[in-house]
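A closer look at the structure
The residues making up each chain are set out below.
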Amino acid sequence: MVTPLIEMKNIHKSFGENHVLKGVSMKVMPGEVVAIIGPSGSGKSTLLRCINRLNEPDAGDILFDGYTIIGKDIDIDLVRSQMTMVFQSFNLFMHLTARKNISLPLREVKKLSKEEADRLALEALDKVGLREKADAYPGELSGGQQQRVAIARAFAMHPKVLLFDEPTSALDPELIGEVLEVMKKLAYMGMTMVVVTHEMGFARDVADRVVFLDQGMVAEEGDPDRIFSNPSNERTRQFLKRVLQAEQVPPPPQ
Amino acid sequence: MDLKELAIQHKNTLSKIGLVITIIIVFALMLQQPVNSDYIDSWIPAIGKTILISIVAIVMGFGIGIIIGLGRISRNFIINGVATVYVEILRGVPLLIQIFFMYFALSIYVPSINDAAIAATLALGLNSGAYQAEIIRGGIQSISGGQMEAARSSGMSYIQAMRHVILPQGFRLIIPPMTNEYVTVIKDSSLAYAIGAMEVTWFSTKVITFHFEPLTTFLFVALIYFTLTTFTSNIMRVVERKFHIPGYMGAE
């Protein structure tokens, strides 16, 4: 049997009085693309941020590659370097060029030489089609370009899994496409990905599995075709009806 | 060249011209000062002392500012408490009292601060440290939390993230308020006059008792301070421009 790359067991998380995650369990298999969808405030981002412990879970266990990553003796920096993250607001290092944004963690975390890090950075920029912007600062790039650099920064680390926290939510509509293109490319390359998203088209076309989160619990999960065409959960049905209407996504091909 | 660039260049030229004019006036006044020439010479050590007190106090304050500033954002209860108490006390008591305290009270126990200039420098530096700490704290805290998260999520440690991501950005943000603080230190060095440190203000009062030319003398003293402060703010503007990030905050 294949060990799940990530296994979350009964995760609870509260912010003060607000009980955001109420016992969420989920698995991510190697090579799988998992889309986490659900209404605002359902705890999607919190769940994702619990995976690399940017948000510390209050209870529950997280296994990474079969081993728990909860506990004081865990080198969380080492774990995080293997499950890098892409943020909604890009979070590129504003004082560094695109190339240095990518090479900084390579040098600091992976302890690569400057030349090697630079080479890998350019290679990564090449993959997201931004090699010519290597020496541009984030402030000189469009939102879509910034997010593509952020994705390059994340996968240049050669992580075992990429975490995406609503990567297109802060983008102008006309810039969403270029970012989704890059993500699709990564998915087809076999990268394991966990994607919190509002892009139902992406979830349906690219994800291997969709997890529908509602009020801090997994309401439904499964094959995207089935969830989008025939959701078994009433809340899922209502949610999909609402967002698909708003988005005017054409019905799935029969 | 667009309008903005033109305006910037214009502004730079203006400030340079201003500086040159100031220096010319100062030297003109220096030469105009009445009476014997060895008295003109003797302004120099006083100016030197003012500069020395200011520079040492600024540098000392910066070192203290980094330590106390980082202490102010520490989650460690004790470190944070000590830093906060330091800032509140040093900021909440008149600088003149701190200088008196240093010179008249502490020097009883620490003989090496019996020298007025040393006592004044120490007091100024400790005091400026409190202000610079707050500026540094503000600079760090105004860097968005996302920067720290992005660094940590790639596997960098807290220290690495601070060193390579947060501090370099915070450093750029604090240049304008630091300019303020440095100019303030230069002006506040005149308080050292009260304990008889032989700096510019102290010297001017001596000159007046000798020659009774209060108008020219104080005008001259004012211009000395003005020259020092303008020079400082110009240097800081150069630093600001040098570290400017294209497409992102701060000076052009």
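Here, the structure is the one placed above.
Below you will find a few notes about this structure. Bear in mind the structure is a predicted one, so any value in this text is a computation, not a measurement.

Some remarks on the nonpolar core
- Core analysis: the biggest nonpolar cluster contains 69 residues, and M8 and V194 of chain A have the highest contact counts within it.
- Broken down by element, this core gets its largest block of residues, 9 residues, from helix α6 (residues 116–141) of chain B.
- In contact with M8 of chain A, not counting residues within four places along its chain, are V24, S25, M26, L47, C50, I51, D61 and I62 of chain A.
- Within the second largest apolar cluster, 54 residues are counted, among which are L92, A152, L171 and V195 of chain A.

Here's the deal with the pairing of strand β2 (residues 18–28) of chain A
Residue and element names in this part refer to chain A.
- Examined bridge by bridge, strand β1 (residues 6–15) and β2 share 8 bridges and lie antiparallel to one another. Residue I6 lies in a different strand from β2, and its bridge partner there is V28.
- Counting the residues in the hairpin turn of β1 and β2 gives 2 residues, including G16, whose phi is positive at 60 degrees.

Quick notes on the pattern of salt bridges
- Enumeration according to the criterion identifies 22 salt bridges over all chains in this entry.
- Here E181 of chain A and K184 of chain A are joined by a salt bridge, their closest N and O atoms 3.8 Å apart. With E181 of chain A and K184 of chain A both in helix α6 (residues 173–188) and 3 residues apart, the pair spans about one turn of that helix.
- According to the relative accessible area criterion, E181 of chain A is partly exposed, its value standing at 47%.
- Measuring nitrogen to oxygen at the nearest pair gives 2.8 Å for the salt bridge that ties R235 of chain A to D214 of chain A. Of this pair, R235 of chain A sits in helix α9 (residues 234–247) while D214 of chain A sits in strand β9 (residues 209–214), and the two are 21 residues apart along the sequence.
- Given a relative accessible area of 41%, R235 of chain A falls into the partly exposed group.
- Given the relative accessible area of 8%, D214 of chain A is considered buried.
- Where salt bridges share partners, they join R72, E88, R91, E134 and R137 of chain B into one cluster.

Here we look at the interface of chain B and chain A
- With 21 residues of chain B at the interface, the matching set in chain A holds 25 residues.
- A combined buried area of about 1,900 Å² lies between chain B and chain A, and 59% of that area is made up of carbon and sulfur atoms.
- Per-residue buried area on chain B facing chain A is highest for E149, S153 and S154 of chain B; these three make up 25% of the total on that side.
- On the surface where chain B and chain A come into contact, there are 2 salt bridges.
- Salt-bridge contacts for R49 of chain A lead to E149 of chain B; the nearest nitrogen and oxygen are separated by 2.5 Å.
- Elements that contribute at least two residues to the side of chain B that touches chain A include exactly α7 (145–153) and α8 (158–173) of chain B.
- Counting residues per element, the side of chain B that touches chain A draws most heavily on α7 of chain B, which supplies 7 residues.
- Split by residue class, the side of chain B that touches chain A holds 8 nonpolar, 10 polar and 3 charged.

Remarks on the sheet that holds strand β5 (residues 67–68) of chain A
Residue and element names in this part refer to chain A.
- The sheet built from 4 strands is open, its strands ordered β2-β1-β4-β5 with antiparallel pairing. Unpaired on one side and paired on the other, β2 and β5 mark the two borders of the sheet.
- The sheet contacts of helix α1 (residues 44–51) involve β1, β2 and β4 (59–64), and relative to β1 the element is tilted by about 120 degrees.

Rules and cut-offs
Residues numbered from 1 in each chain as written. Chains lettered and ligands numbered in written order. Predicted model: local features only at pLDDT ≥ 70, side-chain atom pairs only at ≥ 80, totals over all residues. Heavy atoms only, no water. Core = buried A, V, L, I, M, F, W, Y, C linked by side-chain atoms within 4.5 Å. Buried < 20%, exposed > 50% of the residue type's maximum accessible area, 1.4 Å probe, protein only. Helix = DSSP H or I, 4+ residues; strand = E, 2+ residues; numbered from the N terminus. Contact = heavy atoms within 4.5 Å. Pairing = 2+ DSSP bridges. Salt bridge = Lys/Arg side-chain N within 4 Å of Asp/Glu carboxyl O. Buried area = accessible area lost by both parts, 1.4 Å probe. Nonpolar A, V, L, I, M, F, W, Y, C, P; charged D, E, K, R; others polar. Axes fitted to C-alpha atoms, helices over the stretch in contact; angles between N-to-C directions.

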